[in-house]
Amino acid sequence: MSEKTFAKATKAIIDGDAENAADWAKRGLDEGIEPLKLLEQGFVPGINEVGDLFSKGKLFIPRLIKSAAAMEKATAIINAAIPQEEEIAQGRIVLGTVQGDVHDIGKTIVVALFKANGFEVLDLGRDVPNDKIIEEAEKFGADVIGTSTLLTTTMVLQKELEEELKSAGLRDKYKTIIGGAPVTQRWADRIGADAYAHDASDGVRKLKELLINR
Ligand code: B12
């Protein structure tokens, strides 16, 4: 049953059909599929396939945009259905996609899962300059700063954030966590970020560890 739903969800994203994607998101939830599983096994393989076709020159920007819109629609429906933890806040995190990068589908999933796990989250959106991230972290009283990037050209902004925190004398005040498709543990080690997560669930695990070791 769910295999068919996953296949339909994947196809809706590849086709760039937002209406169908929304429909299969709702149907999947109605079938009782766990929200994150529905995203990861149904919709994410679709957008990954689109990315592959795009990099091979078999699919072009207008289709990429349509598929992204379909993905955004399905993600919004599914994120809203993630069960919320009763527990009171375990910590505060400020999160954003770095400047020059407008990819935010994955970051939005991470935000939804962090909130669902009882963290207080300030989502700064996408294309956010580092000075704004730091300013908002200060105002929000954040414990952790999280950044996302999907472009290899903007990964350097994560490194610059570490440097900017240091030069402002704020590096010890915050833990940092980084993510995004091209980001790795190796990159985190190299730039001195406190944690790296490969997906949203891993992000929750790493965030809990960071807060325990504060
Ligand atoms: C959708 C998409 C778009 C959409 C984005 C819409 C949106 N609102 O996000 C649009 C159409 C706007 C777009 C534009 C572009 N894109 Co694009 N895009 C993609 C695509 C196909 C999917 C990204 C995605 O949503 N993945 C699904 C989510 C769920 O996965 P994720 O983002 O990796 O997030 C997960 C984890 O990484 C992690 N995570 C992510 N962030 C964080 C943060 C923290 C703190 C933590 C803990 C975890 C975490 O958790 C998430 C959930 O599990 C990728 C290909 C790919 N497979 O990555 C290309 C891709 C990223 N794009 C690419 C390119 C080139 C572009 C453009 C430059 C194209 C152009 N010529 O205009 C522009 C860039 C515009 C800009 N300045 O940012 C390239 C990048 C190549 C590179 N080496 O840098 C890719 C890899 C495609 C390719 N194969 O060539 N794109």
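What comes next is a walk through the structure. (Residues numbered from 1 in each chain as written. Predicted model: local features only at pLDDT ≥ 70, side-chain atom pairs only at ≥ 80, totals over all residues. Heavy atoms only, no water.)

### Topic: the overall build of the protein chain
Turning to step 1, where the next piece is worked out: A tally of regular secondary structure across the protein chain gives nine helices and five strands.
Turning to step 2, where the next piece is worked out: Along its sequence from the N terminus, the protein chain presents helices and strands in the succession α-α-α-α-β-α-β-α-β-α-β-α-β-α.
Turning to step 3, where the next piece is worked out: Rg of the C-alpha trace for the protein chain: 17 Å, near the compact-globule value of 17 Å for 214 residues, within the 12% margin.
Turning to step 4, where the next piece is worked out: Judged by the C-alpha coordinates and their principal axes, the protein chain covers about 50 × 45 × 25 Å.
Turning to step 5, where the next piece is worked out: Put simply, 72% of the contacts in the protein chain that link residues at least 6 apart link residues at least 24 apart.
Turning to step 6, where the next piece is worked out: Accessible surface, the protein chain as shown: approximately 10,800 Å² in total, 52% of it carbon and sulfur.
Turning to step 7, where the next piece is worked out: When the 28 basic and 35 acidic side-chain charges of the protein chain are each reduced to a single mean position, those positions are 3 Å apart. (Helix = DSSP H or I, 4+ residues; strand = E, 2+ residues; numbered from the N terminus. Rg over C-alpha atoms; globule rule 2.2 N^0.38 Å. Contact = heavy atoms within 4.5 Å. Areas by Shrake-Rupley, 256 points an atom, 1.4 Å probe, with all protein chains shown as cover. Lys, Arg positive; Asp, Glu negative; His and termini not counted. Charge placed at Lys NZ, Arg CZ, Asp CG, Glu CD.)

### Structural notes on the coordination of the cobalt atom of the ligand
Turning to step 1, where the next piece is worked out: A lone protein donor contacts the cobalt atom of the ligand, and this donor is H103 (NE2), found at 2.3 Å.
Turning to step 2, where the next piece is worked out: With respect to the helices, strands and loops of the structure, H103 is situated in the loop between strand 1 (92–97) and helix 5 (105–116). (Donors = N, O, S within 2.8 Å, 3.2 Å for Na, K, Ca; no water.)

### Digging into the pattern of salt bridges
Turning to step 1, where the next piece is worked out: Taken as a whole and assessed by the stated rule, the structure comprises 14 salt bridges.
Turning to step 2, where the next piece is worked out: A salt bridge links D23 to R27; the shortest N-O distance between them is 3.7 Å. Taken together, the residues D23 and R27, both in helix 2 (residues 18–30) and four residues apart, mark about one turn of the helix.
Turning to step 3, where the next piece is worked out: Classification of D23 as partly exposed rests on a relative accessible area of 33%. (Salt bridge = Lys/Arg side-chain N within 4 Å of Asp/Glu carboxyl O. Buried < 20%, exposed > 50% of the residue type's maximum accessible area, 1.4 Å probe, protein only.)

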